[in-house]
Amino acid sequence: MANFFKIAWLVTRKDIRVETRSWEMVSTTLFFATSCVLVFSFAFVREGRPIEGAAAGIVWIAVAFSGTLALGRAFERERYQDAMRGLLMAPVERAAIFLGKLLAIVLLMAVVEAVIVLFVTFTFRAPLFRFPGYLVALLATGTIGFATVGTLFAAMLLRTRSRGVLLPILLYPVTFPVLIAGVGGTVALLQSEPNLDLVRFWTALLVLFDAVFLTLALWTFEPVMTE
Amino acid sequence: MMAMSTRTFGGLLCVAGAMFITAPILIASAPYESTMGLVQKIFYFHVPSWIAMFLAVFICGFSSAVYLFKEKPAADRLAVAAAELAVLFGLMGLVTGPLWAIKAWGVWWQWDARLTMALILELIFLAYLLLRAYGGPGSEKLSAGLALFGMANVPFVYISVNVWRTIHPTTNVLPSLSSSAPGMFGPFVWCMVAFLVLFVVMLTARVRLEEQRGRLEQLYLALER
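Residues numbered from 1 in each chain as written. Chains lettered and ligands numbered in written order. Predicted model: local features only at pLDDT ≥ 70, side-chain atom pairs only at ≥ 80, totals over all residues.

1. A few points about the overall build of chain B
Here is step 1 of the chain: Across its full length, chain B holds six helices and zero strands.
Here is step 2 of the chain: Starting at the N terminus and walking to the C terminus, you meet the elements of chain B as α-α-α-α-α-α.
Here is step 3 of the chain: Its C-alpha atoms give chain B principal-axis dimensions of about 70 × 45 × 25 Å.
Here is step 4 of the chain: Classification of the 225 residues of chain B by burial places 38% in the buried group.
Here is step 5 of the chain: Taking the intrachain contacts of chain B between residues at least 6 apart in sequence as the baseline, contacts between residues at least 24 apart amount to 77%. (Helix = DSSP H or I, 4+ residues; strand = E, 2+ residues; numbered from the N terminus. Buried ≥ 20, exposed ≤ 12 C-beta atoms within 10 Å, placed from the backbone. Contact = placed C-beta atoms within 7 Å.)

Structure (structure tokens):
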């Protein structure tokens, strides 16, 4: 078991090292997320004032869109010089490889989310930092759920031709519960009278979603990656 | 089901046809619903189409799991047939629903829990078909993974849209129908059975088509060697 996590961590560390040498994914994803927020500001700011409750939706849509971009890129890299084949041929459990890739994506998305939250707090005057613990819990559980489904789908789409188009097509319908729960919880946090019971409910639902889909993904990664 | 003989298949097809021909007569003779009147009769086709869709979703999900872990091609053929039926019956529900809604609620679409859930499931299985159509070789396994995830998603979609809806304005949705009106119950069961027979007929035909396609592909490959 300890070996399993060690291998996963090695894969994560490899991804972090590749990233810190170029900073390509962090910079492009951050830029994209920021422009997403800007696009929404055109729709949701009327006469200089943001529409109430818009901030929660903007945060989550920016997370979902920039997350998709990062997922596609993270696996595109594995295509160079058949790196993915090399990874899959390593005499280790494939589930560990999946977990390693997932962890790297979650870390990257966490960096992007930190910036998105700060940006939205400033530009939309949203009291996102009123309950930082609850917000972090929502974002963490939501990101793990989104990235779990995304990592599996991006990995299995590596072999297909139109993967760029197919990833969002497959990913969004399956992760709708994550987005509904994430937006629902954040709206409940940002209300003038926060409904913490509802926030706890959505976080619990996200934890359950993470548990079910992480189990399913670890279980199906081996067969879907076998040609 | 796969080994169903042409005779049984033809018989079932006739049964389905006869039931659908008689269904309008039964529906016309059923009592009118007190508040909605004539438009409520969409119910007899609307509800069975959703039930058929859910049946298709679970058949697709389970046979995809079997294909993924046991690598049986027959399971994949069943999965693709069921996925197409899920989209087809879902589309029927999505067409009949707004037709009913515009008369009963005064709007085409309501962001009600059930409607949202139906739309999400329809999208998941449309994505399945898109993946199969444009994924290229090897997309069978990938779509099996998607179908498994789609099926596991059903309870989450159900819970999330139900709670999400309660913090939005709600309308008086679907008054209870079958328990209070025995005159409507008979035609409803008739239509339900008609839809299920049609479902079995279409599923069998589609699975057979997929079998023939696979055989043809093998013959082409053998010819090229």
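On we go from here.
2. Concerning the overall build of chain A
Here is step 1 of the chain: Each helix and strand in chain A was counted, giving eight helices and two strands.
Here is step 2 of the chain: Beginning at the N terminus, the succession of helices and strands in chain A can be written as α-α-β-β-α-α-α-α-α-α.
Here is step 3 of the chain: Scaling as 2.2 N^0.38, a compact globule of 227 residues should have a C-alpha radius of gyration of about 17 Å, and chain A matches this with 18 Å.
Here is step 4 of the chain: Counting only C-alpha atoms and orienting by the principal axes, one finds that chain A spans roughly 55 × 35 × 30 Å.
Here is step 5 of the chain: The 227 residues of chain A split such that 44% are buried.
Here is step 6 of the chain: For chain A, contacts bridging at least 24 residues in sequence account for 83% of all contacts bridging at least 6. (Rg over C-alpha atoms; globule rule 2.2 N^0.38 Å.)

3. A short note on the confidence of the model for chain A
Here is step 1 of the chain: Across chain A, pLDDT averages 92, with 100% of residues at or above 70.
Here is step 2 of the chain: Across chain A, the element-wise mean pLDDT spans from 82 in strand S1 (residues 45-46) of chain A up to 96 in helix H6 (residues 132-156) of chain A. (pLDDT = per-residue confidence, 0-100.)

4. Quick word on the packing of helix H7 (residues 163-190) of chain A against helix H4 (residues 113-134) of chain B
Here is step 1 of the chain: It is at 9 Å that the axes of H7(A) and H4(B) come closest, and there the two elements cross at 155°. By the angle between their axes, H7(A) is roughly antiparallel relative to H4(B). Relative to H4(B), H7(A) is oriented so that their crossing is left-handed. Residue-level contacts link A:Leu166, A:Ile169, A:Leu170, A:Pro173, A:Val174 and A:Phe176 of H7(A) to B:Ile120, B:Leu123, B:Ile124, B:Ala127, B:Leu130, B:Leu131 and B:Tyr134 of H4(B).
Here is step 2 of the chain: Its residues assigned to classes, the contact of H7(A) with H4(B) shows 13 nonpolar, no polar and no charged. (Axes fitted to C-alpha atoms, helices over the stretch in contact; angles between N-to-C directions. Parallel < 35°, antiparallel > 145°, perpendicular 65-115°, else oblique. Left-handed = near helix turned anticlockwise from the far one by under 90°. Nonpolar A, V, L, I, M, F, W, Y, C, P; charged D, E, K, R; others polar.)

5. Topic: the environment of A:Phe221
Here is step 1 of the chain: When you line up the elements, A:Phe221 lands in helix H8 (residues 196-225).
Here is step 2 of the chain: Residues A:Phe221 and A:Ala33, 188 residues apart in the sequence, show an inter-C-alpha distance of 29 Å.

6. Re the interface of chain A and chain B
Here is step 1 of the chain: If you look at the interface, chain A gives 28 residues, while chain B gives 29 residues.
Here is step 2 of the chain: Listed by contribution, the elements that provide at least two residues to the side of chain A that touches chain B are H6, H7 and H8 of chain A.
Here is step 3 of the chain: Residue contributions to the side of chain A that touches chain B peak at ten residues, all from H7(A).
Here is step 4 of the chain: Here the side of chain A that touches chain B is built from residues that sort into 21 nonpolar, four polar and three charged.

7. Some remarks on unusual backbone geometry
Among all residues except glycine, the phi angle is most often negative; among peptide bonds, the trans geometry is most common.
Here is step 1 of the chain: Although it is not a glycine, A:Arg125 sits at a positive phi angle of roughly 50°.
Here is step 2 of the chain: Summarising the element assignment, A:Arg125 is placed in the loop between helix H5 (94-123) and H6.
Here is step 3 of the chain: For A:Arg125, a count of 11 C-beta atoms within 10 Å corresponds to the exposed category.
Here is step 4 of the chain: Backbone geometry places B:Glu71, a non-glycine residue, at a positive phi of 55°.
Here is step 5 of the chain: You can see B:Glu71 is positioned in the loop between helix H2 (43-70) and helix H3 (73-104).

8. Notes on the environment of B:Ala16
All names here are of chain B.
Here is step 1 of the chain: Position of Ala16 among the secondary structure elements: in helix H1 (residues 6-29).
Here is step 2 of the chain: Judged by the 20 C-beta atoms lying within 10 Å of it, Ala16 falls in the buried class.
Here is step 3 of the chain: Along the primary structure Ala16 and Val193 are separated by 177 residues, whereas in three dimensions their C-alpha atoms are 8.7 Å apart.
Here is step 4 of the chain: Residues contacting Ala16, with those up to four places away along its chain left out, are Ala194, Val197, Leu198 and Val201.

9. Topic: the packing of helix H2 (residues 24-44) of chain A against helix H3 (residues 54-76) of chain A
Residue and element names in this part refer to chain A.
Here is step 1 of the chain: Where H2 contacts H3, the axes come no closer than 9 Å and their chain directions differ by 150°. By the angle between their axes, H2 is roughly antiparallel relative to H3. In the packing of H2 onto H3, the handedness of the crossing is right-handed. For the pair formed by H2 and H3, the contact residues are Met25, Thr29, Phe32, Ala33, Cys36, Val37, Phe40 and Phe44 on the first element and Ala54, Ile58, Ile61, Ala62, Phe65, Ser66, Leu69, Ala70, Arg73 and Ala74 on the second.
Here is step 2 of the chain: Of the residues contributing to the contact of H2 with H3, the split by class is 15 nonpolar, two polar and one charged.

10. Here we look at H7(A)
Along an α-helix, residues three or four apart share an orientation, since each turn contains 3.6 residues.
Here is step 1 of the chain: Along H7(A), the sharpest kink reaches roughly 55°, centred on A:Thr175 and followed within four residues by the proline A:Pro177.
Here is step 2 of the chain: Most of H7(A) sits inside the fold, with 23 of its 28 residues counted as buried. (Bend = angle between axes of the 7 residues up to and from the residue.)

11. What to know about the nonpolar core
Here is step 1 of the chain: Residues A:Val59, A:Val120, B:Ala56, B:Ala82, B:Ala83 and B:Ala86 are the most contacted members of the largest nonpolar core, which totals 128 residues.
Here is step 2 of the chain: At 15 residues, H7(A) tops the list of elements feeding residues into this core. (Core = buried A, V, L, I, M, F, W, Y, C linked by C-beta atoms within 7 Å.)

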